[in-house]
Amino acid sequence: MFSMTGYGKGEYRADGVELTVELKSVNNRFLDLSVKCPRVFLGYEEQIRSVLRERVSRGHIDVFVSFTDKREAAKSFYVDTGAVKAYANAAKEIKSAVPALTDDTSVSFFLRLPDVVKAEEKEGADEVLSSALIAALKDAIEGLKAMRLAEGVRLKEDLLFRMKTIDSLREKIAERAPLVAEEYRKRITERMNEFLGGKVDESRILTEAAVFADKCNIDEELTRLRSHVGEFYKICAEEYVGRKLDFLVQEFNRECNTICSKSNDAQVTAYALEMKNEIEKVREQIQNLE
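Residues numbered from 1 in each chain as written. Predicted model: local features only at pLDDT ≥ 70, side-chain atom pairs only at ≥ 80, totals over all residues. Heavy atoms only, no water.

(A) Broad picture of the overall build of the protein. Counting its regular elements, the protein contains eight helices and six strands. For the protein, the sequential pattern of α-helices and β-strands runs β-β-β-α-β-β-α-α-β-α-α-α-α-α. By residue count, 36% of the 290 residues in the protein fall in the buried class. Accessible surface computed for the protein: about 17200 Å², of which carbon and sulfur atoms make up 52%. (Helix = DSSP H or I, 4+ residues; strand = E, 2+ residues; numbered from the N terminus. Buried < 20%, exposed > 50% of the residue type's maximum accessible area, 1.4 Å probe, protein only. Areas by Shrake-Rupley, 256 points an atom, 1.4 Å probe, with all protein chains shown as cover.)

Structure, rendered in structure tokens:
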């Protein structure tokens, strides 16, 4: 079982390259990736996404890539002749406006001016950089998954504890439910004796009690709840459980709401409301699971 919240960091330090990949993930219904990397790696963005999709199924993940290339490499420059001509024309205008100024324009003068000589940028990462990127990314993913697993273990413990509470409340309702119809029969018998002076139509009482028992019968809901509890434990033994448990907890809510509406008993309703509160806590925790 994995949480969707976590952090992972991968580093590559070799061949004059220092590259770091950081991953930060939070909850999301689907897999949502945001990649922030230097321009040299823009062509590798889809590959980064592909590697992540193979190892992660849900969550919003921010990917941060940074690097330093300390390798010696041949530098190449180009001259912006348009900028040179513009500077030369400006110099002529200044000389014309103020003839007393000394004209010291030369090649070295133009070399010192901004935007005249520019370094040619690499169009993309070479093999060393691309290999470093993927290696660091895989290490970061392993770190992320390790943290998500550790958090998932804690979430699982909490979920199983709450499920035991829910099952205990189900058992209390199951013990109380058969007594509700009998208590109703006793109450209606006492009231009819009180109003009719002891002349009670027993068949009428039995009919009323049977109708009441049918209306407040929650055997089906309790059976389904018991089945849901068993399925919950079964799913919790799997790795990726978020979507399955999200659906299952909706079924828990449905049965609990039905019990509340049919119970006609204060104690059963109290147990059901307590169960509903635990189910909501389970639902909130499930939103954190991958």
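More follows now that the structure is in view.
(B) Region of the structure containing the environment of leucine 111. In this structure, leucine 111 sits in helix 3 (residues 107-111). Spatially, the C-alpha atom of leucine 111 lies 9.3 Å from that of valine 84, the residues being 27 residues apart in sequence.

(C) Inspection of the sheet that holds strand 1 (residues 6-14) at higher detail. With respect to topology, four strands assemble into an open sheet ordered 1-2-4-3, the strand pairing being mixed. The open sheet terminates on both sides in strands that have one partner only, identified here as strand 1 and strand 3 (31-36). Going across the sheet, the axis of each strand differs from the next one's by a mean of 15 degrees, ignoring polarity. Here strand 1 runs beside strand 2 (residues 17-26); their pairing, made up of nine bridges, is antiparallel. (Pairing = 2+ DSSP bridges. Axes fitted to C-alpha atoms, helices over the stretch in contact; angles between N-to-C directions.)

(D) Geometry of the nonpolar core. Judged by nonpolar contacts, the single largest core of 30 residues is most densely connected at Phe232, Leu245 and Phe252. Contributions of two or more residues to this core are made by helix 4 (127-196), helix 6 (219-236), helix 7 (242-262) and helix 8 (266-286). Listed in part, the 25 residues of the second largest apolar core include Leu19, Leu23, Leu33 and Ala132. (Core = buried A, V, L, I, M, F, W, Y, C linked by side-chain atoms within 4.5 Å.)

(E) Quick look at the pairing of strand 4 (residues 59-69). In the sheet, strand 2 pairs with strand 4 via 10 bridges, with the strands oriented antiparallel. Directly across from leucine 19, in strand 4, lies its bridge partner phenylalanine 67. Note: strand 3 against strand 4, six bridges, orientation parallel. Residue serine 34 lies in a different strand from strand 4, and its bridge partner there is aspartate 62. Read as a crossover between parallel neighbours, the route from strand 3 over helix 1 (residues 45-55) to strand 4 is left-handed. (Right-handed = clockwise from strand over helix to strand, strands pointing away.)

(F) Local environment of the packing of aromatic side chains. Applying the stated criterion across every chain, the model contains four aromatic pairs. Ring centres 5.4 Å apart and planes at 15 degrees place the aromatic pair phenylalanine 2 and tyrosine 240 in the stacked group. Of this pair, phenylalanine 2 sits in the segment before strand 1 while tyrosine 240 sits in the loop between helix 6 and helix 7, and the two are 238 residues apart along the sequence. Between phenylalanine 41 and tyrosine 44 the ring centres are 6.5 Å apart and the planes differ by 75 degrees, which places this aromatic pair in the edge-to-face class. (Phe/Tyr/Trp six-rings, centres within 6.5 Å; stacked < 30°, edge-to-face > 60°.)

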